[in-house]
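The lines below spell out each chain.
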Amino acid sequence: MNAAVELTRELVMIDSVGGNEAAVAAPLARRLEAAGFEVRAHEYAPGRAGLVARWGSGVPVTLTGHLDTVPLGAREWTHDPHAAEVDGDRLYGRGTSDMKAGVAALVVAAEEHSRGEGRRVALELLLTVGEETGCEGALDMAAKGLAGPSRGLLVAEPTANRALLGHKGALWLKAVTRGVTAHGSMPHLGDNAVYKLARAITAAERFDHGVPAHPRLGAPTTNVGTVRGGINVNSVPDLAEATLDLRTVAGQDHAALRDRLRDTLGGETILETLSDLPAVWTEEDDPFVQALLAAGAHDPGERPAASYFTDASVLVAACGGAPAVICGPGEPEQAHVTDEYCRIPRIEEAVDIYRAALGRL
Ligand SMILES: [Zn+2]
């Protein structure tokens, strides 16, 4: 069996649902050290360590993937989620597509690159923790200065080996209104926080981001996801909260967007930021994109953006504004599903694409 397929199976057999990334990182650190990489652990929390591995000199190409996986869900699996069962050309298990196949392909391509001949571009691997819970690991890596200037950031999230050029950003906010409680029979003695929030929500529905649609990412969007307020039926509520999910396009400044939204919602609404992940976009004519396409990455065609966000939201800035491409062997529609699988030939293909692309840079 191909080395990257073997490694994918080994990683899938390590349960990293919601954490435990240190156990996944350990065999990868050993392999990369054996291949001549300088490896450092990124200690995030007990049992939760990612890794930073560096090979060669000069500004590197940065390869990134996350080591955590999402929960299994309530539905029964027909394939053991941590047995890495092979059935035909499918490899089953939690994290096969999202994204242990991608991590394994990156690591094997990096090993092969380091053992190649002639002058070769330097490499940096950033294997992260806690991506699925809002890019926590990448944020911590960036805050600790573990990522540096890069010639290009390759994110091996599942794209079926298509070279995707970016994705929308996400700004998640909590809107809070406050008032004064009173008995429900005497509302004039209170100040109703729910009425204030209702006005804010109505305004949010009509919120205009103030930017045109991006030619490839589409238009920015706004959604009110949750609403909570009040104590009981016979009291005037003094607190109400809603959560908002704004999806942004390249070029939108989230701080300015938040100010614009605050003006729209009115002065009675307090906004708290829950998550702030900017959009990612690289033009198709960028040499980094072209290197991947020339190396065999599939053309993204009419849908060049990922439907999910990635650590690139954080790492592009941490890597000095590097161009970013999302290209990995997993099946995008298999991410987070019951009986998740990836296709074995795509893992082998991803290694070939990565190795060939690195050879061109
Ligand atoms: Zn993922």
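Residues numbered from 1 in each chain as written. Predicted model: local features only at pLDDT ≥ 70, side-chain atom pairs only at ≥ 80, totals over all residues.

Student: I tried to follow helix H4 (residues 136-143) on my own but got confused; where do I start?
Tutor: Residues spaced three or four apart along an α-helix face the same direction, because each turn holds 3.6 residues. Judged by how many residues are buried, H4 sits mostly within the fold: 6 of 8 residues are covered. Listed in full, the buried residues belonging to H4 are Glu-136, Gly-137, Ala-138, Leu-139, Asp-140 and Met-141. Just past H4, the residue Gly-145 takes up positive phi, approximately 70°. (Buried ≥ 20, exposed ≤ 12 C-beta atoms within 10 Å, placed from the backbone. Helix = DSSP H or I, 4+ residues; strand = E, 2+ residues; numbered from the N terminus.)

Student: I'm lost on the nonpolar core in this one. Help?
Tutor: One broad rule of soluble globular proteins: the nonpolar side chains tend to lie buried together. Among the nonpolar cores identified, the biggest contains 104 residues, and Ala-104, Ala-105, Leu-106, Leu-292, Leu-315, Val-325 and Cys-327 are the most heavily contacted of them. Here this core takes 10 residues from helix H3 (residues 96-114), the largest share from any one element. Looking at this core, you find at least three residues from each of domain 1 (3-167 + 279-360) and domain 2 (169-277). Here Leu-292 is in contact with Ala-163, Ala-297, Val-325, Cys-327, Ile-353 and Ala-357, once residues within four sequence places are set aside. (Core = buried A, V, L, I, M, F, W, Y, C linked by C-beta atoms within 7 Å. Domains from an automatic or database assignment. Contact = placed C-beta atoms within 7 Å.)

Student: I tried to follow the sheet that holds strand S15 (residues 324-326) on my own but got confused; where do I start?
Tutor: The strands that make up a sheet are held in pairs by hydrogen bonds between backbone atoms, and each pair lies either parallel or antiparallel. Spatially, the 6 strands line up as an open sheet ordered S1-S2-S6-S3-S7-S15, and their pairing is mixed. Edge positions in the sheet fall to strand S1 (38-45) and S15, since each of these pairs with one other strand and no more. Going from strand to strand, the sheet's axes swing by 15° on average, the running direction of each strand aside. For S1 and strand S2 (residues 48-55), the ladder comprises 7 bridges, and the chain directions are antiparallel. Directly across from Ala-45, in S2, lies its bridge partner Arg-48. (Pairing = 2+ DSSP bridges. Axes fitted to C-alpha atoms, helices over the stretch in contact; angles between N-to-C directions.)

Student: Even after reading the chapter, I still don't get the environment of Val-280, so can you show me in this structure?
Tutor: Tracing the backbone through its elements, the reader meets Val-280 in strand S13 (residues 280-281). When the C-alpha atoms of Val-280 and Thr-310 are compared, they prove to be 8.8 Å apart, with 30 residues separating the residues in sequence. Residues contacting Val-280, with those up to four places away along its chain left out, are Gly-166, His-167, Ala-312, Ser-313, Val-316 and Ala-324.

Student: Where do I start with the sheet that holds strand S5 (residues 90-92) in this structure?
Tutor: Taken together, 3 strands build an open sheet; the order of strands is S4-S5-S16 and the sheet is antiparallel. Edge strands, defined here as strands with exactly one partner in the open sheet, are strand S4 (86-87) and strand S16 (341-343). Inspection of the sheet shows S4 paired to S5 by 2 bridges, in the antiparallel sense. Note on S5: the bridge partner recorded for Val-86 is Leu-91. Against the sheet, H3 engages S5 and S16, with an angle of about 45° to S16.

Student: Can you walk me through the domain arrangement of the protein in this structure?
Tutor: How large an interface is tends to be reported as the accessible area lost when its parts come together. For the protein, the assigned domains read domain 1 (3-167 + 279-360) and domain 2 (169-277). For domain 1 and domain 2, the distance between their C-alpha centres works out to 35 Å. Counting from both sides, the interface comprises 11 residues of domain 1 and, opposite them, 10 residues of domain 2. A class-by-class count of the residues in the side of domain 1 that touches domain 2 yields 8 nonpolar, 3 polar and no charged. (Nonpolar A, V, L, I, M, F, W, Y, C, P; charged D, E, K, R; others polar.)

Student: It is not clear to me how the pairing of strand S6 (residues 123-128) should be interpreted in this structure. Could you clarify?
Tutor: Among the 6 residues in S6, 6 count as buried, and that is most of the element. Of the two faces of S6, the one holding Leu-123, Leu-125 and Leu-127 and the one holding Glu-124, Leu-126 and Thr-128 are both buried throughout. Pairing analysis gives 5 bridges linking S2 to S6, with the strands arranged antiparallel. When the bridges of S6 are listed, Trp-55 appears paired with Leu-123. Where strand S3 (residues 61-66) and S6 come together, 6 bridges link them in parallel fashion. The residue of S6 that forms the bridge with Thr-64 is Leu-126.

Student: Help me understand unusual backbone geometry, please; the structure alone is not making it clear to me.
Tutor: For residues other than glycine, phi is negative in most cases, and the peptide bonds are mostly trans. Residue Met-99 follows Asp-98 across a cis peptide bond; omega there is -5°. Checked against the element boundaries, Met-99 lands in helix H3. Although it is not a glycine, Cys-135 adopts a positive phi angle of roughly 60°. Along the chain, Cys-135 falls in the loop between S6 and H4.

Student: What should I look at first to understand the packing of helix H1 (residues 3-12) against H3 in this one?
Tutor: Packed helices, taken two at a time, are described by their axes: the angle between them and the distance between them. Interaxial distance between H1 and H3 falls to 8 Å at its minimum, and their mutual angle equals 135°. Taken together, H1 and H3 sit at an angle that is classed as oblique. Handedness of the crossing formed by H1 with H3: right-handed. Listed contacts from H3 to Ala-3, Ala-4, Leu-7, Thr-8, Leu-11 and Val-12 of H1 are Thr-96, Lys-100, Ala-101, Val-103, Ala-104, Ala-105, Val-107 and Val-108. Here the residues of the contact of H1 with H3 sort into 11 nonpolar, 2 polar and 1 charged. (Parallel < 35°, antiparallel > 145°, perpendicular 65-115°, else oblique. Left-handed = near helix turned anticlockwise from the far one by under 90°.)

Student: So what exactly am I meant to see when it comes to helix H9 (residues 344-360) here?
Tutor: Under the 1.5 Å per step criterion, the end-to-end length of H9 is 25 Å for 17 residues, consistent within 8% with the ideal 24 Å. For H9, the full list of buried residues reads Ile-344, Arg-346, Ile-347, Ala-350, Val-351, Ile-353, Tyr-354, Ala-357 and Leu-358. Looking at the buried positions of H9, the neighbouring elements they touch are H1, S3, S5, H3, helix H7 (287-294) and S16. (Expected span 1.5 Å × (residues − 1).)

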